[in-house]
Amino acid sequence: MSNAIVVCTWGEERGGLPGGAEEVLSLAGSLARSVGSDLVWLTLGAQAAGVAETAGRYGVAALHQIDDAKLADIPADVAVEALAQYCEQQSPRIVLFNQMAATRTIAPRLAARLDSAVVMGVTEVAADGDTFDITASAYGGDTRVVYRVAGAGTPVAAVWATAITAECPEAGASLAVESVAVDLSSVSERVDIVEPAKAEGPKLEDAEIIVSGGRGLGAVENYKLIRDLAEALDGMAGASRPLVDEGWVDSNHQVGLTGKITKPNLYVAVGISGASQHMAGCGAANAIAAINKDSEAAIFQYARFGIVGDALELLPELIRAARS
Amino acid sequence: MRIVICVKEVLDPDAVNNYAIAGRLEIGDDGMSLTQTAIPRLMNGFDEQALEAALRIKDTGVDCSLTVVSIGEDPSKILKHCAALGADSVVAIKTDAGALDGHGVATLLLAQIEAGGGADLILCGRQASDDDQGVVPALIAERLGMPLVTFARAVEASGSSLKVTRVVPDGDEVVEVVCPAVVTVSNELGEPRYPTAAAKIKARKVKPQVTSPADLGVADGDLAPRIQMIRQFVPTVQGNCEFIDGGSPAEQADKLIARLREESLLS
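Residues numbered from 1 in each chain as written. Chains lettered and ligands numbered in written order. Predicted model: local features only at pLDDT ≥ 70, side-chain atom pairs only at ≥ 80, totals over all residues.

(A) Region of interest: the overall build of chain A. A count of helices and strands for chain A gives nine helices and 15 strands. Its C-alpha atoms give chain A a radius of gyration of 21 Å, near enough to 20 Å, the size a compact globule of 324 residues would have. Each principal axis of the C-alpha atoms in chain A carries an extent, and together these give about 65 × 45 × 35 Å. Within the span of chain A, comprising 324 residues, buried residues form 56% of the whole. For chain A, contacts bridging at least 24 residues in sequence account for 64% of all contacts bridging at least 6. (Helix = DSSP H or I, 4+ residues; strand = E, 2+ residues; numbered from the N terminus. Rg over C-alpha atoms; globule rule 2.2 N^0.38 Å. Buried ≥ 20, exposed ≤ 12 C-beta atoms within 10 Å, placed from the backbone. Contact = placed C-beta atoms within 7 Å.)

(B) Local environment of the sheet that holds strand β6 (residues 131-138) of chain A. The ten strands are arranged β9(A)-β3(A)-β2(A)-β1(A)-β4(A)-β8(A)-β5(A)-β6(A)-β7(A)-β12(B) in an open sheet whose pairing can be described as mixed. Each edge of the open sheet is held by one strand with a lone partner, namely β9 (177-179) of chain A together with β12 (227-233) of chain B. Each adjacent strand pair in this sheet contributes to an overall mean axis angle of 35°, direction not counted. Bridge analysis of strand β2 (residues 39-44) of chain A against strand β3 (residues 62-66) of chain A gives five bridges, and the strand direction is parallel. Across the sheet, W41 of chain A pairs through a bridge with L63 of chain A, a residue of β3 of chain A. Relative to the sheet, helix α4 (residues 103-114) of chain A contacts β4 (94-98), β5 (118-128) and β8 (156-159) of chain A, its axis offset from that of β8 of chain A by approximately 165°. (Pairing = 2+ DSSP bridges. Axes fitted to C-alpha atoms, helices over the stretch in contact; angles between N-to-C directions.)

(C) Main features of the interface of chain A and chain B. Between chain A and chain B, the residue contacts involve 69 residues of the former and 67 residues of the latter. Counting residues per element, the side of chain A that touches chain B draws most heavily on strand β7 (residues 143-149) of chain A, which supplies seven residues. Split by residue class, the side of chain A that touches chain B holds 35 nonpolar, 17 polar and 17 charged. (Nonpolar A, V, L, I, M, F, W, Y, C, P; charged D, E, K, R; others polar.)

(D) Spotlight on the environment of L223 of chain B. You can see L223 of chain B is positioned in the loop between β11 (209-211) and β12. Other than its neighbours up to four places away in sequence, L223 of chain B contacts A97, L100, G104, T107, P213 and V218 of chain B.

(E) Layout of helix α5 (residues 223-232) of chain A. Residues and elements named next belong to chain A. All of the buried residues in α5 are L225, I226, L229 and A230. The buried residues of α5 occupy an angular sector of 140° when the element is viewed end-on, so they sit on one face. Looking at the buried side of α5, the elements it contacts are β11 (209-213), β12 (236-239), β13 (266-270) and α9 (311-323). (Arc of directions from axis to C-beta.)

(F) Geometry of the domain arrangement of chain A. Residue and element names in this part refer to chain A. Here the domain parsing of chain A yields domain 1 (5-179) and domain 2 (204-323). Averaged C-alpha coordinates put domain 1 and domain 2 at centres separated by 31 Å. Contacts between domain 1 and domain 2 engage five residues on the former and eleven residues on the latter. Partitioning the side of domain 1 that touches domain 2 into residue classes produces no nonpolar, three polar and two charged. (Domains from an automatic or database assignment.)

(G) Here's a closer look at the nonpolar core. Ranked by internal contacts, the top residues of the largest apolar core, which has 193 residues, are V159 of chain A together with I5, L123 and V183 of chain B. Per-element tally for this core: the top contributor is helix α3 (residues 76-90) of chain A, with eight residues. Setting aside its immediate chain neighbours within four residues, L123 of chain B contacts I3, I5, A50, A53, A54, V183 and V185 of chain B. (Core = buried A, V, L, I, M, F, W, Y, C linked by C-beta atoms within 7 Å.)

Quick look at the structure:
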């Protein structure tokens, strides 16, 4: 199916879908409609349970799968080889990924293989004939840059899914999966995992409620109040990058562009100014409640609820109120 | 072991952010560049950490040479800083070929790396804090046929292989890879060192080796960008905050928790 808009995903997260799949499909679907191309969804490795049904809802024309024993856990060398062969066979008009840690390796390496354009942190894609205008986040989210991609070839774009609201269309018919054959016999992964990461307990990315602290806490010992409030609200504790850089909190708790990209139902931001870098990791929350002593703090522009006040006075009261 | 560290000069991201938070970040008449001329230029923070990773390898007694490469109109300030920190040689690639994209930057860096006799380890910051793209290390790795390890918080060299601790979504992962390889460094590596006063004074006299695309045998056509910036803008945020004000902290806390429960944001 040449000249298609291809969305490539792998793995499975909350809701039986690969992370960010619905957001990337929303963006890709409107792009495909605007240029009259087919929307193709390619999954690598074992396919998540909800893919076939979701493909139907988002108007996907064909559901492709590349599966191979070597693709378990999506090692980058194997994934790049599989995708390069796929693009050679299928000549997509553009390949879109959800931007995750692994995409940082796979997307640009695929572009190097294809000798084509690559843009990361993408928030919008518009097309006109052979030209794409791809908007991406810059300066940690403080600005957006529009890049023009012209000419032949298959551009590669990694979409910043949390910056996009999924369409959530009505149910459609499930799609049958078409297996696409590639030859991975000559590729072997060069990066050898000797100690896998141990996911200790629940992940911030999956949390429904997050309470995060920032510089406004003043001193390292006050972070305990964040943990206590998180516990009282049955949520998890997060932090802004300065606290991690200062060594107050382990980097597992860092919310932001270079940390965890979260999507909780409620995000409570305490003593956090609302830098774009941080908002990149929590801006997709259903609602933000902010506490900051500066009424002009940027966080209040994103917040649904705000209290202007001293975090250290408010936190013990919030813990008490949450427990009552 | 030959270690090459790639560094970029950027606008101070904290200063850009302070303008943004104050609502005073503006784009000039060209529709592309930031107007605030007071924003200082400095070495990309992640690249400083990449150099720090190289210096820590040197600290462990590994026999290695550290070469720092930068592209720009005048990267001599940051290159002197790198020399003061302990880089053995510093190279500036000067180009007037116009705006480069990631491919163009990778083309120049790998031409310089090859001209300099190759590399066993290429260290880069995980991304530049101006465009946040982070594609150059991957482009270099792919084009040189080297493996890429991203988001390092620690890099150890032993013999011809590397042991890298990576920051991944589930925590820390330890990987091994045989050199030559490209490794990108994340902020979790920790605070980079400062040069001593004596080293700073000594580094003032350091003259970076200056080279150009022509010197490296790279034609302008090889640097033609595949993507071109056509516009930059400051995204707007629709503020719609319900402030809980009045009363004591206890009353405010009660009110906020009550509102969150009303809105079903809390059970």
